[in-house]
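Here's the letter readout for the chains.
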Amino acid sequence: MSYLIPGTARPVAWWLRVVFGVIGLVASVLGYVGLERLSQIRPGVIEDRYDILYYDLQLFLLSAELFEQPGPYPWQLQVARFMAPLFTLLAVAEAGRLLLATEIRRRRARRASGHAVVCGDSQFAHMLADRLHADGGRVVVVRSEPFGPLEYRRRRYLGVVGDPTNAEVLRGAGLPRAHTVYACTDDDDRNHAIANTANRMIQDRRHPPRMYVQVHDPEMCLSLQARRLGAAGSSRLRLDYFHVDDIAARALYRHHPLPSAPDRPTMVLIAGDGSFRRTLLVETARHWRAHQADQGSPDRRLRVDLVAPDARSELALATSRHPFLTEVCRLVGYDRDITGLVGLDHFAAEGYDRIYLCAPDESNGLRFALDTPALWRGARGVVFVPVYRQAALAAAFHGDARHDLLDEVHGKLRLYPVLTHASEAQLIAEDLTERLAEQLHLRYLSARQRAGVRLGEAPAMVPWSRLPESLRSANRSHVQDIAAKLLKLGCVVTPRHGGAGDASAARWAIDDRVEQLARLEHERWCRERRSEGWTYGEPRDDARRRHHLLRPWDELPPAAQEQNREEIRALPDVLSDSGFELIRLGPGVPVQRGGSADAA
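**Focus: the overall build of the protein**
Right, so step 1: Within the protein, the regular secondary structure consists of 26 helices and 16 strands.
Right, so step 2: Taking all 600 residues of the protein together, the buried fraction comes to 50%.
Right, so step 3: As presented, the protein carries roughly 28700 Å² of accessible surface, and 55% of it is formed by carbon and sulfur atoms.

**Let's talk about the sheet that holds strand 8 (residues 302–308)**
Right, so step 1: Spatial strand order, 9-8-7-10-11-12: six strands in an open sheet with parallel pairing. The sheet is open, and its two borders are formed by strand 9 (329–335) and strand 12 (413–417), each paired with just one other strand. Here the strands of the sheet are splayed against their neighbours by 20 degrees on average, with no regard to which way each runs.
Right, so step 2: Relative to strand 9, helix 12 (residues 311–321) is tilted by about 145 degrees, and along the sheet it contacts strand 8 and strand 9.

**Some details on the packing of aromatic side chains**
Right, so step 1: Under the criterion given, the structure shown has six aromatic pairs.
Right, so step 2: Here the aromatic rings of phenylalanine 60 and phenylalanine 87 are separated by 5.9 Å at their centres, their planes lie at 85 degrees, and the arrangement is edge-to-face. In this pair, phenylalanine 60 is assigned in the loop between helix 2 (49–58) and helix 3 (75–99) and phenylalanine 87 in helix 3, connecting sequence segments 27 residues apart.
Right, so step 3: Assessed through its relative accessible area of 16%, phenylalanine 60 is described here as buried.
Right, so step 4: Classification of phenylalanine 87 by relative accessible area gives partly exposed; the value is 26%.
Right, so step 5: On the numbers, 6.0 Å between centres and 50 degrees between planes, the contact of phenylalanine 124 with phenylalanine 242 is tilted. One end of the pair, phenylalanine 124, is in helix 5 (residues 123–134); the other, phenylalanine 242, is in strand 6 (residues 238–242), with 118 residues separating them in the sequence.

**Details of the sheet that holds strand 6**
In any sheet, the strands associate via hydrogen bonds between backbone groups, in a parallel or an antiparallel arrangement.
Right, so step 1: Pairing within the open sheet is parallel, and its six strands lie in the order 3-2-1-4-5-6. Of all strands in the sheet, those bounded by a partner on one side alone are strand 3 (158–161) and strand 6. Pairs of neighbouring strands in the sheet enclose a mean axial angle of 15 degrees, with direction left out of account.
Right, so step 2: Sheet topology note: the strand 2 (residues 139–143)/strand 3 ladder contains four bridges and is parallel. Paired with valine 141 across the bridge in strand 3 is glycine 159.

**A short note on the nonpolar core**
Right, so step 1: Counting 53 residues, the largest nonpolar core has Phe124, Tyr182, Ile270 and Tyr356 as its most contacted members.
Right, so step 2: Looking at this core element by element, the count peaks at seven residues for helix 10 (residues 244–255).
Right, so step 3: Judged by nonpolar contacts, the second largest core, of 43 residues, contains Leu440, Cys491, Ile510 and Leu549.

**Quick notes on the confidence of the model for the protein**
Right, so step 1: Overall, the prediction assigns the protein a mean pLDDT of 82, with 86% of residues at 70 or greater.
Right, so step 2: The secondary structure element of the protein with the lowest average pLDDT is helix 6 (residues 149–155), at 57, and the one with the highest is strand 4 (residues 180–183), at 95.
Right, so step 3: Across residues 1–9, where pLDDT falls below 50, the model places 18 contacts with residues more than four positions away in sequence or in other chains.
Right, so step 4: Per-residue pLDDT stays below 50 along residues 590–596; that stretch engages in 27 contacts with residues further than four places along the chain or on separate chains.

**Some thoughts on helix 5**
Right, so step 1: A rise of 1.5 Å per residue sets the reference length of helix 5, with its 12 residues, at 16 Å; its end C-alpha atoms lie 16 Å apart and thus fit the reference within 8%.
Right, so step 2: Counting buried residues in helix 5 gives nine out of 12 residues, a clear majority hidden from the surface.
Right, so step 3: For helix 5, the set of buried residues is Phe124, Ala125, His126, Met127, Leu128, Ala129, Asp130, Arg131 and Leu132.
Right, so step 4: Looking at the residues trailing helix 5, positive phi occurs at glycine 136, about 95 degrees.

**Here we look at the pairing of strand 12**
Right, so step 1: The buried fraction of strand 12 is high, at five of five residues.
Right, so step 2: Both faces of strand 12 are covered, namely the face carrying Leu413, Leu415 and Pro417 and the face carrying Arg414 and Tyr416.

**As for unusual backbone geometry**
Right, so step 1: With an omega dihedral of -5 degrees, the bond running from glutamate 538 to proline 539 counts as a cis peptide bond.
Right, so step 2: Within the secondary structure, proline 539 is located in the loop between strand 14 (535–536) and strand 15 (546–547).
Right, so step 3: A positive phi angle, close to 55 degrees, is found at arginine 545, a residue other than glycine.
Right, so step 4: With respect to the helices, strands and loops of the structure, arginine 545 is situated in the loop between strand 14 and strand 15.
Right, so step 5: A relative accessible area of 38% places arginine 545 in the partly exposed class.

**What about the packing of helix 24 (residues 514–531) against helix 25 (residues 558–569)?**
Right, so step 1: Between helix 24 and helix 25, the shortest axis-to-axis distance is 8 Å and the interhelical angle comes to 110 degrees. Viewed along their axes, helix 24 and helix 25 adopt a mutual orientation that is roughly perpendicular. Residue-level contacts link Val514, Glu515, Leu517, Ala518, Glu521 and His522 of helix 24 to Asn564, Arg565, Glu567, Ile568 and Arg569 of helix 25.
Right, so step 2: Here the residues of the contact of helix 24 with helix 25 sort into four nonpolar, two polar and five charged.

Rules used in this analysis
- Residues numbered from 1 in each chain as written.
- Predicted model: local features only at pLDDT ≥ 70, side-chain atom pairs only at ≥ 80, totals over all residues.
- Heavy atoms only, no water.
- Helix = DSSP H or I, 4+ residues; strand = E, 2+ residues; numbered from the N terminus.
- Buried < 20%, exposed > 50% of the residue type's maximum accessible area, 1.4 Å probe, protein only.
- Areas by Shrake-Rupley, 256 points an atom, 1.4 Å probe, with all protein chains shown as cover.
- Pairing = 2+ DSSP bridges.
- Axes fitted to C-alpha atoms, helices over the stretch in contact; angles between N-to-C directions.
- Contact = heavy atoms within 4.5 Å.
- Phe/Tyr/Trp six-rings, centres within 6.5 Å; stacked < 30°, edge-to-face > 60°.
- Core = buried A, V, L, I, M, F, W, Y, C linked by side-chain atoms within 4.5 Å.
- pLDDT = per-residue confidence, 0-100.
- Expected span 1.5 Å × (residues − 1).
- Parallel < 35°, antiparallel > 145°, perpendicular 65-115°, else oblique.
- Nonpolar A, V, L, I, M, F, W, Y, C, P; charged D, E, K, R; others polar.

Okay, structure coming up:
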C-alpha cells in the first residue's frame, strides 16, 4: 500500500516565486535591449556595453541617473523601468517573510484551532504527523529538536520547539483549541507527563480534546487501559492508551481481509515468537468473527496454527486472557523453531490461506522469507512479514505499479511496516471506548436475533458500520458509564489472566445487583435521550424523535426490562473479549437513582 508524501504537490508560494523570477528576468532582458537601442539614438549618453550593464542594474534600485534626461525612450526600456522596481519590491517582501517566518509560524501555531497536536521526536511521531497532514488535517508538532527550514518547507505543517510536558509550550501549540492530542515520545513517563499537563489545561473546556498516549509495553498498556476504564468519569478528558502493535493489527485486516471459501475451511499460520504474534492472533479471531457474522455463518471456525518454540504455552496464555479465541478458532500449536515450519503437513498441499512470519529478529525473519521457496509454495495466499525498521524496504517491494523496485514473488510476499500502518489516525481514534461500544452492539444484535428479530427490522438491527451515529453515541455513553457502575458494584477492572472459575466469579460480581443496575442504565438512557430532544410517544418515530420506551422503569414492558438486564449481564463478557475481567473488592456503595444503549 502506498501513501502520498507530504509536500509533493507544488504550493502556491512556489508558483509565485517562479512568477517573480520571470518578472525579474524579463525586466533585465528588456532593460538591456532598450538601453542598447538608446545608445544608438543618443551616442553621447551611453559609451559602451559596461554602461549598458550598469544602467540595467540601476533599474532594480528604484533610481537611475539615465532617466533624469527627458525622453522619449525605446518601448523595451519603458516596460523594464516599471517591471524592475516591481521585482525589487516583491523580493524585499519575500525576504521579510523569510526573516519573520519563525515568528509567523509560532503565532499561527498558538492561534490554531480544530487541529491535531503531535508531541514527540520519535520516528512514529514523525510518521503520524506526516500521515495526518497527508489526510488533509491541520497539524502542530511539538518536539525538542529544532526544525530546519527545508523540513518546514517539505512537511508543510506547523512546529513548536520545546519540552512537550511544559504547559506554556503546549499552549504555544494551541492545545486548548485542539481536537486531538497525541503523546508519542520514546519515553512512556514523558508521555504520561504530557497527558497530565493536558488534563490540567482543559478542565474548563466544554468540548475537551481527545488524548492518545503511546505506551511501548503491551502488558502495561492493557493495565493502564483497565485503570482508565475505572476512572473514565473522573475527568472530562477523553483519554486512551495505545500500543502500535494493536493499531497495526487492526489496520492489517482493514486493508487485507482474510479470504473465505465456502467449500473448505480457512487456514492461517502464525510463525515465530516476535512481539506482534499475540496481538495478531487475537485480532485475527476478532476479524473472523465479525466477518462470519456479516456473512450469516457465525458457527464456522477458523483454523489457526502457531509455530514457535513456546507455541503451546503461548496459546494457553492467549486463550486464558481471551476465552472467545476457542469459540472462534480451532487452535493448534507446534513447539518448533520457525525454520521447521516448512515440514508441516499443510505445506505440501498449499493448505494455508495466509502465513505470518513474526520472528523476534527482524533481519533473520526477513532473510528466511526471502530465501525459502517452500514457504511461498505452502501458501494459497500471501506470506506477510511484519517489520518495524524496514519501512523503506517495504516501500521498495510495494510501491505503485510504476515504482516497484523489487519482485513480490507473484504477489506471494508482502512486507508489512508496522509503524507506517500504526500511524492511521482513524484507527487510533477507534479507542477502547469505541471497541467496547461495538462489542455491546454485537451482543445486542445476537440477543435480538435469538429473540426472533431479523437484521434490518429496526434502526438498531444493523451492523456497527451502518448504525446511525445517535445510536453509536448511546453505546459509547453506556461504556463511559462503566466507571459509575463499577463503583456501585465495589468492583475494579483488571487485565484477565484466566484460570478456573474466573468467568463465573466475574458474573457473580454483578448477579445480586443486576436489577438495580439495569434500572440505573435505563434512567441514564432516558436522561440522554431527553437532552437530545426526544419525547415519549407511540409508535416510535425517529424522524419526530418520539420513543415508546422513554418512560419510567416500572412502566416498561417486561421484554424491554429484560433487554436492560441482559446488557448488564453481558458486561463481564464484553470486558473479557478485550482482555479484562471484573474483580469484586467490596460490597459497593449504596445505589443512587441516577442510567439502553441501542434500545431499539
